[in-house]
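A structural walkthrough
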Amino acid sequence: MNQTLLGDKEAVYDIEVANNLFLLCSKEMGTGVRKRFQISPYRNDRRELLLYLNTLSIMTGFNSLRYDYPLLHRIIQTLSRDINIRGRELLRLINIWSAMLINSQEGYQNEVRNPFIKQRDLFRIHHFDNKAKRTGLKGLEFVMRMDNIQELPFKPGVDLSFDEIQETEYYCDNDVDATFLLREKYTSEQIAMRDKLSPKYSIDFTNFNDVKIGEQIFIKKIELKGGRHLMYDEYNKIKNTSRTEIIVNDILVPLQDFTTPRFKALHKYFQDNIIKQIGDFPILNGAFSMLQPAHIQEYFGDFYKEEIKLKKLDNEYQAYLSADFPPDLIYKTNKKTGEEIPYLQYQDSLNIIFKDRVYYYGAGGIHMSIEPGIYEANDEFCIMDIDVEGYYPSESYIHRFEPAHLKGYYADTHGEIKEERKQYPKKTPENTGLKLAGNGTYGKGNSDYSPLKDPQYVAQTCINGQLFLSMLIERVNVELSYCSVLQANTDGFTMIIKRSELEKAKAIVARWEAYTKLKMEFAYYSKMIINDVNNYIAIPEGEGKPKFKGLFVYDGLELHKNWSQLIVPKAIAAYFINGKLPEEFIPQHEDLYDFFKRTKLQRSHRLVGRTNFEERIEMDYSKSKRGRRIKIPTWTTEIPYQGLSRYYVSSNGVALFKIMPPTAKNPDKIREMAVEAGKVCTVVNRMQKDTFEEMKLNLNYDYYIEEAYKVIRSIENHEHIDVEEEDGEN
């Protein structure tokens, strides 16, 4: 195949391999033309495949850089050397290559540096290779509301019949359709930005995620200012700064000024603190977690919330303990050996209680939330929200926070980026790229793989940022006659104050701005529905759209999130914003997809649907020779379903169960768990539009109404809802 691209078409593609099958399916952007190329006992499209590939300028796949294209690259090389290779021999080689790629311990080594055809991987662009965002194509098929959600119809390593190959073609086409939809509807702007910025910075951003783009733009700017040698050695190996301890007093800005005993104690705690590495965790964690209770008690007395946990003591943590405060140990007896095992009692969080609020300090910033409830502004009181504009980049530029090996360059680069952004309208590729460069570099301060690493810079930015914000929280509480802080979160906080003192509050903020050189942004809300600082609805005063966070979000969800039963947050919003009851809103809702949920199983688990529940009578002789009649609950019919299945809770249907392998403690007992305990469901992995009305009639509206009321009642009764965090395994 020619190294110089002759084609001008973009094709979305996917590959499937079985013992006796190689299949490549594609769909061309713009025209939607489909192509299928097969090497099997029934067809050998090797010539046609090679000719077709020569017409393409770029191939777009999903998670394709480490498997699909490396496999295709080897096929192209082989066919370029011997176009007459027999199909059976080519299949044998393909299976060897496929197994090698799948079993590779270091997937990045599979990637081809100089592909024959340019590759675009949507998996990489959306950062689905990040553990917190990891998402598969089947999960996206649910999110994108595709008609068909289908898992691989055969087990790897088997021979397929003619009919099974036909079914595999249908499956592969569906995966291509999913990738095509992801490319067309959800990635067009990201691709346009990468195409625009790549020549501007002379970096191929094609498969970079947003954070990596920001980091590389930032690095490029430092390189132009001070030289590449600041970040890379002569062998192109990364140079950065590592730390085993951080003396906090050395990195505190001398501007911190507190007047109340509680915040003075917090300031003193940081001044005296030396942060040390604990295991593999980022060094900054040592300032905020696994704290010695006696140490915390010494500083904060009775104005902190005690949160004691236990950890088995090991040599690694023993070395971290402060010599000034002996470890608080308890001993547990090992039942098998009789050994007395020491466990460390530790304070799990750094916090202070101020004005009946518990403020938590951590590596992610300051956090606080009032108890769940509904909070409203009125003629006497207003809800004011204040946030620092570009907090971490502004701290770096204004206060010269920067990695040790980039002194004189890093902070100035933040300032230049801020000014350069003003030259471009919002949402243009240039503006977005610079925004990513400003916001995406802070987290790289903890990354061993980044030339921007210096944990002390991260600690300096984080700790000073929390103390700056604490100063303002203290001031408004002390100087205003009434101030009720509703929540605080990393770069700002929200409070209820008297309208008559609004100008006074602004003056306090202005003094803080002059003192810290940072800039605040204001917003005003008429009503807030709060579960906690990460889950709330904020309704603005006057014009503007409500702000939704966490469990209340139903529009604009990120693709790696769980889009199940969006009818529930929609009904909650209708209740709190428009006063419409869930029993009125939900039955009138027309979008069936908003009722769908999805299962998510591990590979070793199975999903089954059971029907025809019966109680079988058997004799039990365990307690007497005469025996007794007992009722045994039995499901007479079991239907297997794929692990990731779309379903809705219905009036008629099947009881869904997850079947799980035994545990080590009970190796003979198969485990099972009901998906919707006490409810029946209808699985809809293949959608047929002509059955929509039938499905609507089968919906269990009472279930969804109750799901909405669970949240509503909790908020109205001031009860916190534990929100399950997404684990990024869609």
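Described below are features of the structure shown in this document. (Residues numbered from 1 in each chain as written. Predicted model: local features only at pLDDT ≥ 70, side-chain atom pairs only at ≥ 80, totals over all residues. Heavy atoms only, no water.)

Digging into the pattern of salt bridges
Per the stated rule, a full pass over the model turns up 43 salt bridges. Between Asp173 and Arg34 there is a salt bridge, with its nearest N and O atoms 3.7 Å apart. Within this pair, whereas Asp173 is found in helix α6 (residues 162-186), its partner Arg34 is found in strand β3 (residues 34-39), the two being separated by 139 residues in sequence. The class of Arg34 is partly exposed, set by a relative accessible area of 30%. The closest approach of N and O atoms between Glu419 and Lys422, which form a salt bridge, is 3.2 Å. Several salt bridges share partner residues, and in doing so they unite Lys27, Arg34, Arg36, Asp173 and Asp177 into one network. (Salt bridge = Lys/Arg side-chain N within 4 Å of Asp/Glu carboxyl O. Helix = DSSP H or I, 4+ residues; strand = E, 2+ residues; numbered from the N terminus. Buried < 20%, exposed > 50% of the residue type's maximum accessible area, 1.4 Å probe, protein only.)

Remarks on the sheet that holds strand β2 (residues 21-28)
Taken together, the 5 strands give an open sheet; going across it, the order is β3-β2-β1-β4-β5, and neighbouring strands pair in mixed fashion. The open sheet terminates on both sides in strands that have one partner only, identified here as β3 and β5 (118-121). For this sheet, the mean angle separating the axes of adjacent strands, direction not counted, is 25°. Where β2 and β3 come together, 6 bridges link them in antiparallel fashion. Note that in β3 the partner of Lys27 across the bridge is Arg34. Across the sheet, helix α2 (residues 68-81) lies against β1 (9-18), β2, β4 (56-61) and β5, angled at about 90° from β1, the strand it touches most. (Pairing = 2+ DSSP bridges. Axes fitted to C-alpha atoms, helices over the stretch in contact; angles between N-to-C directions. Contact = heavy atoms within 4.5 Å.)

Examining the nonpolar core
Grouped together as the largest cluster of nonpolar side chains are 84 residues, with contacts concentrated most on Phe270, Phe300, Leu350, Tyr359, Ile463 and Phe493. Top contributing element to this core by residue count: helix α15 (residues 455-479), with 12 residues. Discounting residues that sit within four places of it in the chain, Phe270 has contacts with Val248, Asn249, Leu252, Phe288, Leu350, Ile463 and Leu467. Formed by 62 residues, the second largest nonpolar core is a distinct cluster that contains Phe123, Leu137, Ile191 and Val654. (Core = buried A, V, L, I, M, F, W, Y, C linked by side-chain atoms within 4.5 Å.)

Looking at the pairing of strand β25 (residues 655-660)
With 5 of 6 residues buried, β25 lies mostly within the body of the structure. Both β25 and strand β26 (residues 671-674) contribute to a ladder of 4 bridges, which runs antiparallel. Each residue of the ladder has a partner; that of Ile659, found in β26, is Glu672.

Topic: the environment of Lys580
Take Lys580: it is sitting in the loop between α17 (567-578) and α18 (582-588). In this structure Lys580 touches Ala571, Ala574, Tyr575, Phe585 and Gln588, once residues within four positions along its chain are discounted. Within the local environment of Lys580, its side chain forms a polar contact with the side chain of Gln588, the two groups lying 2.9 Å apart. (Polar contact = N/O pair within 3.5 Å; in protein donor to acceptor, adjacent residues only side chain to side chain.)

Some details on the packing of helix α12 (residues 391-399) against helix α13 (residues 410-421)
For the pair α12 and α13, the least separation of the axes is 8 Å and the interaxial angle reads 120°. Our classification of the angle between α12 and α13 gives oblique. Handedness of the crossing formed by α12 with α13: left-handed. Note on element contacts: α13 touches α12 through Tyr410, Ala411, Asp412, His414, Gly415 and Lys418, opposite Pro393, Ser394, Ser396 and Tyr397. For the contact of α12 with α13, the per-class residue count stands at 4 nonpolar, 4 polar and 2 charged. (Parallel < 35°, antiparallel > 145°, perpendicular 65-115°, else oblique. Left-handed = near helix turned anticlockwise from the far one by under 90°. Nonpolar A, V, L, I, M, F, W, Y, C, P; charged D, E, K, R; others polar.)

Considering the sheet that holds strand β9 (residues 329-333)
The antiparallel open sheet is built from 3 strands, whose spatial order is β8-β10-β9. Bordering the open sheet on either side are β8 (308-312) and β9, each of which pairs with just one other strand. Adjacent strand axes in the sheet meet at a mean angle of 40°, parallel and antiparallel pairs treated alike. As judged from the 5 bridges shared by β9 and strand β10 (residues 340-347), these two strands associate in the antiparallel manner. Each bridged residue has a counterpart across the sheet, and for Tyr331 the counterpart in β10 is Pro342.

Topic: the packing of aromatic side chains
On inspection of all chains with the given rule, the structure shows 30 aromatic pairs. Taking the centre distance of 5.1 Å and the plane angle of 85° together, the rings of Phe595 and Tyr704 count as edge-to-face. Remark: Tyr704 occurs in helix α20 (residues 701-716) and Phe595 occurs in the loop between α18 and β21 (597-598); sequence separation between them is 109 residues. Owing to a relative accessible area of 0%, Tyr704 belongs among the buried residues under this scheme. One aromatic cluster in this structure is built from Tyr269, Phe270, Phe288, Tyr299, Phe300, Phe303 and Tyr304. (Phe/Tyr/Trp six-rings, centres within 6.5 Å; stacked < 30°, edge-to-face > 60°.)

Section: the packing of α13 against helix α14 (residues 429-439)
The N-to-C vectors of α13 and α14 enclose an angle of 155°; their axes lie 9 Å apart at closest approach. By the angle between their axes, α13 is roughly antiparallel relative to α14. Our pair here, α13 against α14, has a crossing hand that is left-handed. Here α13 contributes His414, Ile417, Glu420 and Arg421 to the contact with α14, which in turn contributes Asn431, Leu434, Lys435, Ala437 and Gly438. Here the contact of α13 with α14 is composed, by residue class, of 3 nonpolar, 3 polar and 3 charged.

This is a description of form; function is not addressed.
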